[in-house]
Structures are given as C-alpha cells and as structure tokens.
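# Summary of structural features
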Amino acid sequence: MRADIIRLDDLQVRTSRPRSLAPAGGCTAKRCGAAAGDNVLPEATRARIQDHPCYSEEAHHYFARMHVAVAPACNIQCNYCNRRYDCANESRPGVVSERLTPEEGARKVLAVASRVPQLAVLGIAGPGDGAYDWAKTRATFELVHRRIPDLKLCLSTNGLALPDHVDELAEMNVAHVTVTINMIDPEIGQAIYPWIFWQNRRRYGLEASRILHERQMESLERLRARDILVKVNSVLIPGVNDHHLVEVNKAVKARGAFLHNIMPLIAAPEHGTVFGLEGRRGPTAAELQAVQDACGGGARLMRHCRQCRADAVGMLGEDRGQEFTLDQLPEAPAYDPTERETYRAWVETERADRRAAVEAADAAAEAVPAPPLLVAVCTKGGGRINQHFGKAREFQIYAVDAAGVRLVGHRRADNYCLGGHGDPDRLERVIEALEGVPVILCQRIGNRPRNCLAAAGIEAVEAHAEAYIETAVAAVYADRARMDASATA
Ligand code: CLF
Ligand code: SF4
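Anyway, here's the lowdown on the structure attached to this text. (Residues numbered from 1 in each chain as written. Chains lettered and ligands numbered in written order. Predicted model: local features only at pLDDT ≥ 70, side-chain atom pairs only at ≥ 80, totals over all residues. Heavy atoms only, no water.)

### So, helix 7 (residues 245-254)
- Considered for burial, the residues of helix 7 that qualify are Leu 245, Val 248, Asn 249, Ala 251 and Val 252.
- At its buried positions, helix 7 is contacted by helix 6 (205-225), strand 8 (229-236), strand 9 (259-264), helix 9 (285-294) and strand 10 (300-301).
- One or two positions beyond helix 7, positive phi appears at Gly 256, with a value near 95°. (Buried < 20%, exposed > 50% of the residue type's maximum accessible area, 1.4 Å probe, protein only. Helix = DSSP H or I, 4+ residues; strand = E, 2+ residues; numbered from the N terminus. Contact = heavy atoms within 4.5 Å.)

Okay, here's the thing in structure tokens:
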C-alpha cells in the first residue's frame, strides 16, 4: 500500500454513533464541527470561517487556498522532518517546494487569483517556519494585502517565535493562525524535538522541550487576547504521543483553540527523518480514529485536512502548483477581481440550497432502520457528485447511519484513466485504497472499472450524478435498506 494513502477514516463502520460525533464543547447540535455544525456558531465567528477551506468543512467544498513557499528558515528540529523537504507540520514529506522571495510570492498570488476564482486564502506554511522567518512572511503578507485586500491571510508555525509577532499579525489583519503542538509535557517533547534555537543559541533535551512548550502556550494566550482564530495541528506519533493527545486537546481548548487537527505521522526511511530511519510507523486508521474519538469532548476536530505542501494551490485535495511555477508567471500579472466576486455571489445562493439539502438528507437517514454504511464519493467541488471515476485522485469518504450523513475522511489514489485508456495497476491500487467501502458514487464510470470494482465487492453508482453528496449518500443508504428488507422478506 502506498505510504501516502491517508486512512483516517473510518475503517470501522460502527453499530452506534461514534463518540467523536457527540456534541463538542457542550453545544447541542448533532454535527458540531462539521458543515451543519457551523450553523450553531456565533454569527461573527461563522462569518470569519465560512470561506476558509480549512476552518470550515462546508467551505472546503467551495473555496481554495494557496501557499507561497517564502519562509525557508526554521528554529527547531522535529524528528519527523528532513530539511531537504518542506515543513512536515503541514506537508507530506518527500515533496519540495520552489522557494520564492516575497516579491515572487506576491506575483504568484496575483496570477493565481486571476485564474482561480475559488481562491479565498493565502497561507504561509513554510517550507521552514513563517514566524521565525518573519521578515519574509511579513513582507509577503503586506505586498499581497495591498493588491487583494479581501484575501484571507493565514500562518502556520511551530509557535516558538510566534509570541513576538502576535500584535503585528493582529494589526495586519491576519485572522487565522495554526500552531503545531505535539505535546504539553516536556518529557514527551524530548522524544520529538532534539533541539531548538532560542535566544541565539541551541538548546537541547528537556530544556529545549520546556521552552518550546511554554512559548506555544503563550502563543495561544496571546492569539486569544487578540481575537485571532487558532487551529492546532498535532502529529500523532505512535508510541510517543498517542496517549497524550487527549491532554493536548483539552489544554488547547482551554486556551481558546477553535479547531484541533490530529494528523497521522508519515514516516519512511527514504524521507531521511529520524523517525523514518529508526523505522517508526505512522498510525493505523483505527489508531487515529481512536485518538480522535477520545478527543470528542474537547476542541472541535478537523477531519478534512489533506496535509498539503508548502506551495499547494487549489481546492483541498487538488494541487495546481505546477501550473504556477516561477517560469510560467507573468512579470507583472494584472488582477481583475470580477471573477472572484461573481463566484462568491454564486456560492452564497448555492450554499443556502445545499444546507437545506443536507438537513433533508440527515432527516431521511434518521428514518432508515439499517446498519451504518461507508460511501466513497468522486467530487471536484461544490459538494456534488460531479467527477468521473477515472479522473479521481482522491475519494471523499462519508459515513451514514441514524445520526445522519457526515464526512469522515478521504483516501488517495492515482487517477485510473490516462487519457483514453485505463491503467489496470492503478485500478488495483484504487481498489486497495477503497478497502472496507462497499459503494462509490461518481458522475460516470466505464464498464471495465465498474466490473472490476464489483468483483472486489464495491458497487459503483452513477444514478446520482450532479446531486449533492449528502442527498446521494442518504438515497443510497435508503435503497440498500430497502433491498436488504426485501431480500429477507
Ligand atoms: Fe494553509 Fe494551513 Fe492556513 Fe489551511 S492548509 S496554512 S490552515 S490555508 Fe489546511 Fe492543508 Fe491541512 Fe493545513 S488542508 S495541511 S490544515
Ligand atoms: Fe521541519 Fe517544520 Fe519542524 Fe521546522 S517546524 S523542523 S520545518 S517540521
């Protein structure tokens, strides 16, 4: 199995409602943390996240983010990181970004904003640490803000240098910050961070870990004081912090974190990281799910992260970075906001319609007396079944039961279709990636892949092409229940 197939989902179809779906933070909505859960947020908070694809699951169906790799320097060493690659706190190891100056970064943003109307957020997520490499981060944000003031600015950092810049971030209107926090116990931190660079010298061992922890907690307090929305990323490292992340979840929630994103460690010897070389493995899907479930009562959990790279461009799950490399950028890109404005106006009407459809789908699922079901979906955005099976490079995985329809994760695979013909090896890998998922919904599928999927016990359904995902999933659930009932009658 490919190392980068993310299996956070779901392998277990449960017979009762997962604890992670229990109302978080005392709210009474049944889907807190998911698209419909956004509806129970205070209006001001909802307005701040509704077009941020990472902070709102609903927004990830409609809006894109882009990263510019302008911040190469880093002030700590994580044992899951190899400096040849991007910051692994928000990136898959093994891919390297094209490093840009702030001016080149701003040029790239203008070019992307002109061609990707879904663009809503500019993030700086490395390739080192954006708060440590602050001059470049700040210059990039300022250059972009001058030209596209409505673009949201977002920073991802390890937190060590962050307290020094929170006031500037607030003044620059940076409203979203991610801090990677893998421990709140410096003893545990020693196994993750061999050293940090702090106040002009390297610190090692417990001292390094303690300073990092204190600065991370200070970061959260300061961000809360300046009303900046905080997401915390945690890398789940089996045997190191797997039993500890529940405590991390509680601690970050107590300090005001809005969202907690627990990501699986990706480690392989070829990445050249300490963890990779010592053979430490990433968590299994069941282990990840167990930790997420155990955190059910803490900070809201993010389940749609794609661990994207430091130069990612596009909707989450797609990477259009190769269309916007430096050699392809115009010297002085013109920027016309019309397309982005038109797109936003369309989203406003569309998402009201979709919310009503999601509510109806939840109600329909509640009425079905059937065991839980996992369904894979081919989508290229808009929350609809609108992608050919052969073109899908990832499948969103939905669970449906009496508690409703909800996104539980995604699985990656290479697209089966290679322009006119299908690749049997790739199909095999798709089938492997869909293990445990008995249904896939797509816009179209050819006979050959349909039959191969069927032979592997996976039913491909085209009947709901262009429907909203939740509507289609609830309909399939009801159909299966009817078939089961008539088979046993
Ligand atoms: Fe980028 Fe991160 Fe901002 Fe999003 S990504 S800096 S919060 S704009 Fe998003 Fe990518 Fe996951 Fe990060 S899917 S890795 S959570
Ligand atoms: Fe690597 Fe990011 Fe950790 Fe720095 S903070 S060592 S770039 S993973």
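### Description of the site of ligand 1
- Near ligand 1 you find 17 residues, and of these Cys 54, His 67, Cys 154, Cys 305 and Cys 308 are the closest.
- Going through the elements one at a time, strand 1 (64-67) and strand 4 (152-157) are the ones with two or more residues in the shell around ligand 1.
- For the shell around ligand 1, a count of residues per class yields 7 nonpolar, 6 polar and 4 charged. (Near = heavy atom within 4 Å. Nonpolar A, V, L, I, M, F, W, Y, C, P; charged D, E, K, R; others polar.)

### What to know about unusual backbone geometry
- Here the bond from Gly 126 into Pro 127 is cis, since omega is 15°, no more than 30 degrees from zero.
- Along the chain, Pro 127 falls in the loop between strand 3 (119-124) and helix 3 (134-147).
- Phi at Asp 227 is positive, roughly 60°, even though this residue is not glycine.
- Position of Asp 227 among the secondary structure elements: in the loop between helix 6 and strand 8.
- Despite not being glycine, Glu 466 shows a phi value in the positive range, around 75°.
- Looking at where Glu 466 falls in the secondary structure, it is placed in the loop between strand 16 (459-461) and helix 13 (469-488).

### Let's talk about the site of ligand 2
- Taken together, 13 residues surround ligand 2, and among them Cys 74, Cys 78, Cys 81, Cys 87 and Asn 89 come closest.
- Residue classes in the shell around ligand 2 are distributed as 8 nonpolar, 4 polar and 1 charged.

### Comments concerning the packing of helix 10 (residues 338-366) against helix 13
- Their axes nearest at 8 Å, the elements helix 10 and helix 13 cross at an angle of 15°. The orientation of helix 10 with respect to helix 13, classified from their angle, is roughly parallel. For the element pair helix 10 and helix 13, the recorded crossing hand is left-handed. Across from Arg 354, Ala 357, Val 358, Ala 361, Ala 364 and Ala 365 in helix 10, the residues of helix 13 making contact are Glu 470, Thr 471, Ala 474 and Tyr 477.
- For the contact of helix 10 with helix 13, the residue count by class is 7 nonpolar, 1 polar and 2 charged. (Axes fitted to C-alpha atoms, helices over the stretch in contact; angles between N-to-C directions. Parallel < 35°, antiparallel > 145°, perpendicular 65-115°, else oblique. Left-handed = near helix turned anticlockwise from the far one by under 90°.)

### Brief notes about the packing of helix 2 (residues 102-115) against helix 3
- Where helix 2 contacts helix 3, the two axes come as close as 9 Å, and the packing angle between them is 35°. The crossing of helix 2 and helix 3 is right-handed. Residues Pro 102, Glu 103, Ala 106, Val 109 and Leu 110 of helix 2 pack against Lys 136, Ala 139, Thr 140, Leu 143, Val 144 and Arg 147 of helix 3.
- In the contact of helix 2 with helix 3, the residues fall into 7 nonpolar, 1 polar and 3 charged.

### Regarding the nonpolar core
- One finds Leu 122, Leu 162 and Val 177 to be the most contacted residues of the largest nonpolar core, which totals 54 residues.
- Per element, the largest residue contribution to this core is 6 residues, and it comes from helix 2.
- Setting aside its immediate chain neighbours within four residues, Val 177 contacts Tyr 55, Leu 155, Thr 157, Leu 162, Leu 169, Leu 223, Ile 228, Leu 229, Val 230 and Lys 231.
- Listed in part, the 31 residues of the second largest apolar core include Leu 41, Ile 49, Leu 259 and Met 263. (Core = buried A, V, L, I, M, F, W, Y, C linked by side-chain atoms within 4.5 Å.)

### Notes on the pattern of salt bridges
- This structure, assessed with the given rule, holds 36 salt bridges.
- Between Glu 43 and Arg 46 there is a salt bridge, with the nearest N and O atoms lying 3.1 Å from each other. Here the residue Glu 43 and the residue Arg 46 both occupy positions in helix 1 (residues 43-49), the gap between them amounting to 3 residues, near one helical turn.
- For Glu 43, a relative accessible area of 52% puts it in the exposed group. (Salt bridge = Lys/Arg side-chain N within 4 Å of Asp/Glu carboxyl O.)

### Considering the packing of aromatic side chains
- Across all of its chains, the model carries 6 aromatic pairs by this definition.
- Ring centres 5.7 Å apart and planes at 35° place the aromatic pair Tyr 343 and Trp 346 in the tilted group. Of this pair, Tyr 343 and Trp 346 both sit in helix 10, separated by 3 residues, roughly a single helical turn.
- A relative accessible area of 40% means that Trp 346 is categorised as partly exposed.
- Residues Phe 389 and Phe 395 carry aromatic rings whose centres are separated by 6.2 Å and whose planes lie at 25° to one another, so their mutual orientation is stacked.
- What makes Phe 395 buried here is its relative accessible area of 0%. (Phe/Tyr/Trp six-rings, centres within 6.5 Å; stacked < 30°, edge-to-face > 60°.)

### Description of the sheet that holds strand 6 (residues 195-198)
- Taken together, 3 strands build an open sheet; the order of strands is 2-6-7 and the sheet is antiparallel. Of all the strands in the sheet, the pair left with one neighbour each is strand 2 (76-77) and strand 7 (201-204).
- Relative to strand 7, strand 6 runs antiparallel, the two being bridged by 4 bridges. When the sheet's bridge partners are listed, Phe 197 is paired in strand 7 with Arg 202.
- Across the sheet, helix 6 is in contact with strand 2, strand 6 and strand 7; its angle to strand 7 comes to roughly 105°. (Pairing = 2+ DSSP bridges.)

### Points about the environment of Val 144
- As for its placement among the helices and strands, Val 144 is situated in helix 3.
- Sequence separation between Val 144 and Lys 108 is 36 residues; the distance between their C-alpha atoms is 9.8 Å.

### Details of the sheet that holds strand 15 (residues 439-441)
- Strand order in the open sheet made by the 5 strands is 14-13-12-15-16, with mixed pairing throughout. Two strands bound the open sheet, and with one partner strand each, they are strand 14 (404-412) and strand 16. Each strand of the sheet is rotated relative to its neighbour by a mean of 30°, with strand direction disregarded.
- The strands that helix 13 touches are strand 12 (373-377), strand 13 (394-401), strand 14, strand 15 and strand 16; relative to strand 13, the one it contacts most, it runs at about 55°.

### A closer look at the side chain of Lys 231
- Looking at where Lys 231 falls in the secondary structure, it is placed in strand 8.
- Judged by its relative accessible area of 3%, Lys 231 is buried.
- Among the polar contacts made by the side chain of Lys 231, one reaches the side chain of Asn 233 at a distance of 2.9 Å. (Polar contact = N/O pair within 3.5 Å; in protein donor to acceptor, adjacent residues only side chain to side chain.)

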